[in-house]
Amino acid sequence: MTVVVGTAGHIDHGKTTLLRALTGIDADRLPEERRRGMTIDVGYAHLDLTDGSTIDFVDVPGHDKLVGNMLVGAGEIDAALLVVAADDGVRAQTREHLALLDALGVAPGIAVVTKIDVVARERVEAVTSEVRELLALTSMAGSPIIAASGVTGEGLDTVRAALFAARDQVSLPERPPTLAIDRVFTVKGRGVVVTGTLRGGPLERGDVLRLEPAGDRTVRIREIQVHGTTVERVTGGGRTALNLVGVDGDDLHRGMVLTADPAVTVTTRVLATFGVEVADRARGRAHVGTAAVDAAIGRAGRDGLTLPDGRPAGIVRLAEPIAVRVGDRFVLRRGPTPRPVGGVVLDVQPPRGISRRRQTADRVAAVATRGEAARLDLHGAIGGRLADDIRAAAEEAALDVVAPAAAIADVRSSTAAALRRIVSLRRDEVASTAAAVIDGLGAAGRLVQHGGQVRRPGTDAPAPDPALIEAMD
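None of these values were measured; they are calculated from a predicted model.

What counts, and at which threshold
Residues numbered from 1 in each chain as written. Predicted model: local features only at pLDDT ≥ 70, side-chain atom pairs only at ≥ 80, totals over all residues. Heavy atoms only, no water. Pairing = 2+ DSSP bridges. Helix = DSSP H or I, 4+ residues; strand = E, 2+ residues; numbered from the N terminus. Axes fitted to C-alpha atoms, helices over the stretch in contact; angles between N-to-C directions. Contact = heavy atoms within 4.5 Å. Buried < 20%, exposed > 50% of the residue type's maximum accessible area, 1.4 Å probe, protein only. Left-handed = near helix turned anticlockwise from the far one by under 90°. Nonpolar A, V, L, I, M, F, W, Y, C, P; charged D, E, K, R; others polar. Polar contact = N/O pair within 3.5 Å; in protein donor to acceptor, adjacent residues only side chain to side chain.

(A) Structural detail: the sheet that holds strand β25 (residues 405-407). Spatially, β25-β27-β26 is the arrangement adopted by the three strands of the open sheet, whose pairing is antiparallel. Unpaired on one side and paired on the other, β25 and β26 (448-450) mark the two borders of the sheet. Taken over all neighbouring pairs, the strand axes of this sheet differ in orientation by 25 degrees on average, direction set aside. Of the pairings in the sheet, the one linking β25 to strand β27 (residues 453-455) comprises three bridges and is antiparallel in character. Within the sheet, the bridge partner assigned to A407 lies in β27 and is Q453. Those strands touched by helix α10 (residues 408-422) are β25, β26 and β27, and its axis lies near 85 degrees from that of β25.

Spelled out as structure tokens, the structure:
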């Protein structure tokens, strides 16, 4: 298992220097980054551990104008490494990065007070105390705070030990493989290469993945690399590069997803819970994985939900389609001043039409804990399957027509009309769902089908219509 740790902190507080001292890798890969001495885009490094496992690092920019790039990395991490320079103390991007990590619910975490070689011990203690107070009301509350220097090496062993402990606290879910693309480039003679953090697995050379959002297009993996080494198979969790067949570089961009997970769905509308109270029509930039799109929150009418545990919930409407799955975390950033809104996706295709009447706080809360069964109860119908109360109402409508017998076409028509009045179904689903209800009544022995007629059990089959018999003769 490979755990991904993301850095956070103000510009020039020593994040990249600390990673270089820990791993021996310079995460500033762009020439302009090295020339200017600052991280501009997301960088990467890794630390091989003595037990054969690996910690991957995502180094994010600290400049206030590059917070969007910071969230590209933060959206795919398992733990956080907050860096605060002892000579500068807590600054604006320290607070903003921490607020964003808190909105994403990132934990566990480690805080490192760097540059301790250039200040007095009293200053280190003061900054450590300030950091402790800052963490207290966030997802990183209680995290270890370590004084260290990326220049002299003081405290680095303690940082490594804390990283090992954080790694042991991370539990990665088992699921089919999904990789959110964060970089796309072309290698001469090899073709298109994408990189990202692999969630789930395993993934093998030759596997075919869906590319989303791209109209269910598929691509094949020609080669897999992990930390620059070609492998036949990767189990997931860490930084992965894929050489792809069947797609051009111009067709790919940051924010797209490669997946074999049927739960990953393309949508422009999700039902979610929020970590803080948020007003109706709140707007901002939604960051999900490596994707970033304009979004608005709906919390009016039936969308204005407060769950029994006090959490607010509502609908997030996205300006562009994204690939997302239930349980994904996201953050809505509304600029540097207002507090960011963090949330968790409960439903990737919330109820529409008449089914929105079923969108109650209790049903939405149940979706968060009971999964697919509760989602069926929320929608009333999914893929031809019916919630218990909807099925009972449809069966009652069918039985009402049979007194004691009726033409099966009439029974189906009445059942379909009843379904349209109480639940949202696609046009192509209505007739087949109505037929399934009648078949279910037959299987349960509550109706008997004979030719083109349906009758109640215990009643005689109706006599043939003489005119029909004559016409048949």
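(B) Looking closely at helix α7 (residues 361-370). Residues of α7 that are buried include every one of V364, A365, A366 and V367, and no others. Buried residues along α7 sit against β16 (265-274), β19 (305-306), β22 (341-347) and α8 (372-379). G371 occupies a position one or two residues after α7 and carries a positive phi of about 70 degrees.

(C) Main features of the packing of helix α4 (residues 92-103) against helix α5 (residues 121-135). The interhelical angle for the contact between α4 and α5, taken along N-to-C directions, is 35 degrees, at an axis separation of 11 Å. For the element pair α4 and α5, the recorded crossing hand is right-handed. Here T94, R95 and L98 of α4 come into contact with α5, specifically with E130, L134 and L135. Split by residue class, the contact of α4 with α5 holds three nonpolar, one polar and two charged.

(D) Structural context of the sheet that holds strand β2 (residues 43-48). Pairing in this open sheet of six strands is mixed, and the strands run β2-β3-β1-β4-β5-β6 from one edge to the other. In this open sheet, the two strands that pair with only one neighbour each are β2 and β6 (145-147). Along the sheet, successive strands turn relative to each other by an average axial angle of 25 degrees, direction set aside. Pairing of strand β4 (residues 79-85) with strand β5 (residues 109-114), which is carried by six bridges, proceeds in the parallel orientation. From the neighbouring strand, A80 faces β5, where its bridge partner is G109. With respect to the sheet, helix α1 (residues 15-23) is in contact with β1 (2-8), β2, β3 (54-59), β4 and β5, its orientation differing from that of β3 by roughly 160 degrees.

(E) Seen up close, the side chain of T197. Positionally, T197 belongs in strand β8 (residues 191-199). Judged by its relative accessible area of 2%, T197 is buried. For T197, the side chain forms a polar contact with the side chain of R239, separated by 3.4 Å.

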